[in-house]
Amino acid sequence: MASSWNFRAIVPFLLLLVIQQLGIVLPAFSSNVQIVYMGERRHDEPELVTDSHHGILSDILGSQEAAVESMLYSYKHGFSGFAAVLKPHQAALIADLPGVVHVVPNRILSLQTTRSWDFLQVKPQVVNGILEKGQSGGGSIIGILDTGWYGNVVDVCWFQLFGSIMVLDSVVQEYGLNRKALEMWGWERFLLIGKGYAKEEKNSVVPISLTQCHNTLGRKIIGARWYVKGYEAEFGKINTSDAVEYLSPRDASGHGTHTASTAAGALVDNVSFMGLAKGTARGGAPSAWLSIYKVCWSTGGCSSADLLAAFDDAIFDGVDVISASLGSSPPLASYVDDVLSIGSFHAMAKGISVVCSAGNSGPYPQTVINTAPWVITVAANTIDRAFPTAIMMGNNQTVVGQALYTGNNINKFYPIVYGEDIAYADSDEDSARSCDAGSLNETLARGKVVLCFQSRSQKTAANAARTILEMQGVGVIYAQYPAKDVTLAHGIPLVQVDFTVGTYLLNYMEATRDPVVKFSFTKTVVGRQVSPEVAFFSSRGPSSLSPTVLKPDVAAPGVNILAAWTPIASSQSFDTTKNKLPLNFKFESGTSMSCPHISGIVALLKAIHPTWSPAAIKSALITTASLKDEYSLSAVAEGAPDKKADPFDYGGGHVDPNRAIAPGLIYDMKVPDYVQFLCSMGYNDTAISNIAKAPNKCRRKTKNLLLNLNLPSITIPEMKNSVTVSRTVTNVGPAISVYVARIEAPPGINVIVEPSVLSFNLTSNKLKFKVTFCSLLRIQGRYTFGNLFWEDGSHVVRIPLIVRPIIEYYYPEV
């Protein structure tokens, strides 16, 4: 074993696909599409499953022809169910049929590097110029549920499988692929997405020789599907004539390409964003394969019916990891109603790890999404790369902010004005201060740098920059809460500073008759920015649906991540002559960026530990995560103000990929454990039985069932008296080993571990222990945090302890 790499009751609210910086606002609508979820499939043959779905619809609609016309998808591989165009009374009739778990209205989801892998100390292992597959994810398949993929012809060399059984046989034989799955894939739903090889976007294939695939990008994309039936059933046909979107897996947005390349992109030398962050771009698992599932559309979001179809296919396709920035905003739907929770449950049951983003609603508490215990929920943290940009004032004093700008308006003094000082007479002061659209006098802004201050109405620097650019201003200085996320503006310098620097500049302007400033070129600096820190925007716990399940699970890089992009995306940069400059690589920030980092790491772990369950892999990530920054100081969470990070910020901590290879002990779980979790949540026995494909009788009287779920954390959200919980650990290190418990008790809590010593031998690799908590102080409503360590001299296995003692109040009768 190698020791290191040299690499979420149906509720009427929209689900969110959290992709940072794409703020598409969708109108409310009444769905035409209903998702009929029937749990695990009852037949082994997919055709029989589909026949049963048609039979249900035929009975309701009156004919087989009407059933076929109504049905959009038959979910028949990973689970059973279908999506169909139905009227409310028809959906109600189906909901009462035996075997139907739930009928869920379709929802339209809205859309939410060269350094990060080095920062994580994940190195590609190269021998004689060839990547070592075991050390770089070879053999693992990552399914990306996103906006598709934009690549060149060598990225899609596998599409020659369409036309040649001989080639298909050779591929199956050489790489051990699932031939039955390959033959049953809907080939007519695929097409070549290489630029210049499928201009008409037809369902056809250009013959390609296998020899063209023998390069660093070859054998990467082994499948690409797109899902649009649910979306078009709500909004009508997508118009592809203006090249804003493609009816294919081809990515017109850029986000899917960014996430896929972050997870498993091949090595590409000499990459930068217009000279910034120059280096070798690569994914975490550069030898892993990618299977692309386009469920989101640049014209306005994603359909949950389409999403569930993608889960169904990904399970059938045999992916090892599913990477999806998908979830539901609070109030969170129950785990038996939420499409993402349903799809990910069935994926987990087939041994597939599902990785999701935690959301971008931080730093506020209880905003974390994707809280099902069977998924890995990822928070975003920073890396040690900064982009300092100096601002020189007319008095020769210099202050520093951050920017991503390398165009004009550099090294030349320009007059500077304050947004509030150039407001229209009837404008709101707050709006003018933050440079809201329509609040400023265009004449007074033209040719000037404008100083803007973040406000409740205007929280994003990009909107302020857009306002000033449209008014022909020459630059923006945006004062905001301290954060390391740098906003990319197009065609205008945008320098972000904190309120202290903004106030300093404002004082200079008030004390000077003709204040001027000039900007320096943005520089790339590595190693001088303390990291990792939890990003300001990263959603925080505790979970609002199941507070005994600690969420997020772990944190990974998600700030200023440079990865591959779609040159045709509507979000363009501009060169010095304001001509459109297509981007092949672009900076993005969000938990959508941290999610594929963990997906890549999971692929690496899968390649090394192919028999580990999704729970085992998640445990390895959490128990080995770090609580420190790179200078061994307690990690910080960005906020207002910044604070010492806690488990509700980063879960187990900041991911440490190399330590996760050999965690020593793991907290493992199987499907029955999660079934009992659903029982403890109070869900119907019949519904749970359908989901799990087995008769189930919930043990309602089991004490502390939620608390005893074998998670790599212990969270007690309401401790009225002393509480004892149990956990079971599995030894995946040396067979003969002895672990000793060490406690960092949460303040005000007494913690006892029994036994305090765990001795493993050749015949026993699983041991159970109990942890008893007793409050020493009655701190009503306040969470306290600690840690439990198991140590054997070579391994340190840590789980977070979160306790909230409460006082019961008794009110006399009035």
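What you see is a predicted model, and the numbers here were worked out from it, not measured in a lab.

The rules we used
- All chains use their own residue numbering, which begins from 1 and follows the written sequence.
- In keeping with the model being predicted, local features are shown solely for residues with a pLDDT of at least 70 and side-chain atom pairs are shown and tallied solely at 80 or more, while totals for entire chains, interfaces and linings include all residues.
- For the side-chain quantities, the full set of heavy atoms in the structure was used; hydrogens and water were omitted.
- To qualify as a helix, a DSSP run of H or I must reach at least 4 residues; to qualify as a strand, a run of E must reach at least 2; elements of each kind are numbered from the N terminus.
- Throughout, exposure labels follow a simple rule: accessible area from a 1.4 Å probe, protein chains only, divided by the maximum for the residue type, with under 20% read as buried, over 50% as exposed, and the rest as partly exposed.
- Computed with the Shrake-Rupley method and a 1.4 Å probe, the accessible areas treat only the protein chains shown as cover for residues.
- Following DSSP output, two strands are said to pair if at least two bridges run between them.
- Axis angles are defined between N-to-C directions and span 0 to 180 degrees, where every axis is a line fitted to C-alpha atoms and, for a helix, only to the segment in contact.
- The contact rule is simple, with two residues in contact once any of their heavy atoms fall within 4.5 Å.
- Buried Ala, Val, Leu, Ile, Met, Phe, Trp, Tyr and Cys residues form a nonpolar core when they are joined through side-chain atoms within 4.5 Å.
- When a carboxyl oxygen of Asp or Glu lies within 4 Å of a side-chain nitrogen of Lys or Arg, that pair is called a salt bridge.
- pLDDT: the predictor's confidence for each residue, scored from 0 to 100.
- Pairs of cysteine sulfur atoms within 2.5 Å are what we label disulfides.
- Each Phe, Tyr or Trp ring (for Trp, its six-membered ring) is paired with any other whose centre lies within 6.5 Å, and the angle between the two planes then decides the class: stacked below 30 degrees, edge-to-face above 60, tilted in between.
- Any Lys NZ or Arg CZ found within 6 Å of a ring centre and within 35 degrees of that ring's normal is scored as a charge over the ring.

(A) Broad picture of the overall build of the chain. Each helix and strand counted, the chain has 20 helices and 44 strands in total. When the 814 residues of the chain are sorted by exposure, 60% land in the buried category. Accessible surface computed for the chain: about 31500 Å², of which carbon and sulfur atoms make up 53%.

(B) View of the sheet that holds strand S29 (residues 554-557). Strand order in the open sheet made by the seven strands is S10-S13-S9-S16-S18-S19-S29, with parallel pairing throughout. Edge positions in the sheet fall to strand S10 (221-226) and S29, since each has one partner strand and no second. Neighbour-to-neighbour, the strand axes of this sheet turn through a mean angle of 25°, independent of strand direction. Relative to strand S16 (residues 321-324), strand S9 (residues 141-146) is paired through four bridges, and the arrangement is parallel. Across the sheet, Ile-142 pairs through a bridge with Val-321, a residue of S16.

(C) Representation of the sheet that holds strand S5 (residues 102-105) within the structure. Pairing within the open sheet is antiparallel, and its four strands lie in the order S3-S4-S2-S5. Edge positions in the sheet fall to strand S3 (71-75) and S5, since each has one partner strand and no second. Ignoring strand direction, the axes of neighbouring strands in this sheet form an average angle of 15°. As paired elements, strand S2 (residues 33-37) and strand S4 (residues 81-85) share five bridges and run antiparallel to each other. Of the residues in S4, the one forming a bridge with Ile-35 is Ala-83. Each of S3 and S4 is contacted by helix H1 (residues 46-61), which is oriented at about 140° to S3, the strand it contacts most. Helix-sheet contacts for helix H3 (residues 88-95) involve S2, S4 and S5, and the interaxial angle to S5 is about 155°.

(D) Local environment of the nonpolar core. Among the nonpolar cores identified, the biggest contains 60 residues, and Tyr-75, Leu-145, Phe-311, Ile-322, Phe-345, Trp-374 and Leu-678 are the most heavily contacted of them. Here this core gets eight residues from one element, more than from any other, and that element is helix H9 (residues 304-317). Apart from residues no more than four positions distant in its own chain, Leu-145 is found in contact with Tyr-293, Val-295, Leu-307, Ala-310, Phe-311, Ile-322, Ser-323, Ala-324 and Leu-326. Counting 39 residues, the second-largest nonpolar core is a separate cluster that includes Ala-224, Ala-264, Val-554 and Ile-666.

(E) Representation of the pattern of salt bridges within the structure. In this structure the tally under the stated criterion is 22 salt bridges. With a shortest N-O distance of 3.5 Å, Arg-225 and Asp-313 are connected by a salt bridge. With Arg-225 in strand S10 and Asp-313 in helix H9, this pair connects stretches of sequence that are 88 residues apart. Each of the two residues, Arg-225 as well as Asp-313, counts as buried. Salt-bridge contacts for Lys-237 lead to Glu-232; the nearest nitrogen and oxygen are separated by 3.3 Å. One salt-bridge network, held together by shared partners, links Glu-420, Glu-429, Asp-430 and Arg-433.

(F) Structural detail: the confidence of the model for the chain. Summary statistics for the chain give a mean pLDDT of 83 and a share of 82% for residues scoring 70 or more. Contacts of residues 1-29 to residues separated by more than four positions or lying in other chains number 133 contacts, the stretch itself having pLDDT below 50. Below pLDDT 50 for its whole length, residues 152-218 participates in 122 contacts with residues either more than four positions away or in separate chains.

(G) The arrangement of unusual backbone geometry in detail. For the bond from Lys-551 to Pro-552, the omega torsion is 0°, close enough to zero to count as cis. Along the polypeptide, Pro-552 turns up in the loop between strand S28 (525-526) and S29. Each neighbour pair has its own omega, and for Ala-640 with Pro-641 the value is 5°, a cis peptide bond. Within the secondary structure, Pro-641 sits in the loop between strand S34 (636-637) and strand S35 (643-644).

(H) Geometry of the state of the cysteines. In the structure shown here, the tally under the stated rule is two disulfides. Note on cysteine connectivity: Cys-296 is disulfide-linked to Cys-302, with sulfurs 2.2 Å apart. Because the torsion about its S-S bond is 100°, the bridge between Cys-296 and Cys-302 counts as right-handed. We note that Cys-296, like Cys-302, is buried. There is a disulfide in this structure between Cys-435 and Cys-452, and the S-S distance comes to 2.0 Å. Between Cys-435 and Cys-452, the disulfide has an S-S torsion of -90° and is therefore left-handed. Taken as a pair, Cys-435 in the loop between helix H11 (429-433) and helix H12 (442-445) and Cys-452 in strand S24 (residues 449-453) lie far apart in primary sequence, 17 residues in all. This cysteine, Cys-356, is not joined by any disulfide, and Cys-595 carries the nearest cysteine sulfur, 6.1 Å off. Note on Cys-595: relative accessible area 1%, which makes it buried.

(I) Representation of the environment of Ser-713 within the structure. With respect to the secondary-structure elements, Ser-713 resides in the loop between helix H20 (685-692) and strand S37 (714-719). Along the backbone, Ser-713 and Pro-800 are 87 residues apart, and their C-alpha atoms lie at a distance of 5.1 Å. Discounting chain neighbours no more than four positions away, the residues touching Ser-713 are Leu-550, Arg-727, Ile-799 and Pro-800.

(J) Looking closely at the packing of aromatic side chains. A full pass over the atoms with the stated rule returns 21 aromatic pairs. Between Phe-648 and Tyr-783 the ring centres are 4.9 Å apart and the planes differ by 90°, which places this aromatic pair in the edge-to-face class. Taken together, the residues Phe-648 in helix H17 (residues 647-650) and Tyr-783 in the loop between strand S42 (766-775) and strand S43 (784-791) connect sequence positions 135 residues apart. What makes Phe-648 buried here is its relative accessible area of 8%. Considering the side-chain rings of Tyr-667 and Phe-769, the 6.4 Å spacing of their centres and the 80° angle between planes classify their relative orientation as edge-to-face. Placement of Tyr-667 in the loop between strand S36 (665-666) and helix H19 (671-680) and of Phe-769 in strand S42 is noted, with a sequence separation of 102 residues between them. Comparing Tyr-667 with Phe-769, the two get one shared label, buried. Members of the aromatic cluster, joined through ring pairs, are Tyr-37, Tyr-73, Tyr-75, Phe-79 and Tyr-227. One cation-aromatic arrangement involves Lys-229 over Tyr-73; the distance from NZ or CZ to the ring centre is 5.4 Å. One residue, Arg-742, lies across the ring of Phe-789, its end atom 4.0 Å from the ring centre.

(K) Geometry of helix H8 (residues 255-264). When you tally the buried positions in H8, you get 10 out of 10 residues, the bulk of the element. Taken residue by residue, H8 has His-255, Gly-256, Thr-257, His-258, Thr-259, Ala-260, Ser-261, Thr-262, Ala-263 and Ala-264 as its buried positions. At its buried positions, H8 is contacted by helix H4 (116-119), S9, strand S13 (289-294), strand S30 (561-564), strand S33 (585-588) and helix H15 (591-608).

(L) Fine view of H20. Here H20 lies mainly inside the structure; six of its eight residues are buried. What H20 keeps buried is the set Asp-685, Ala-687, Ile-688, Ser-689, Asn-690 and Ile-691. Lining the buried residues of H20 we find S2, helix H10 (339-349) and H19. At the exit of H20 stands Lys-693, carrying a positive phi of roughly 60°.

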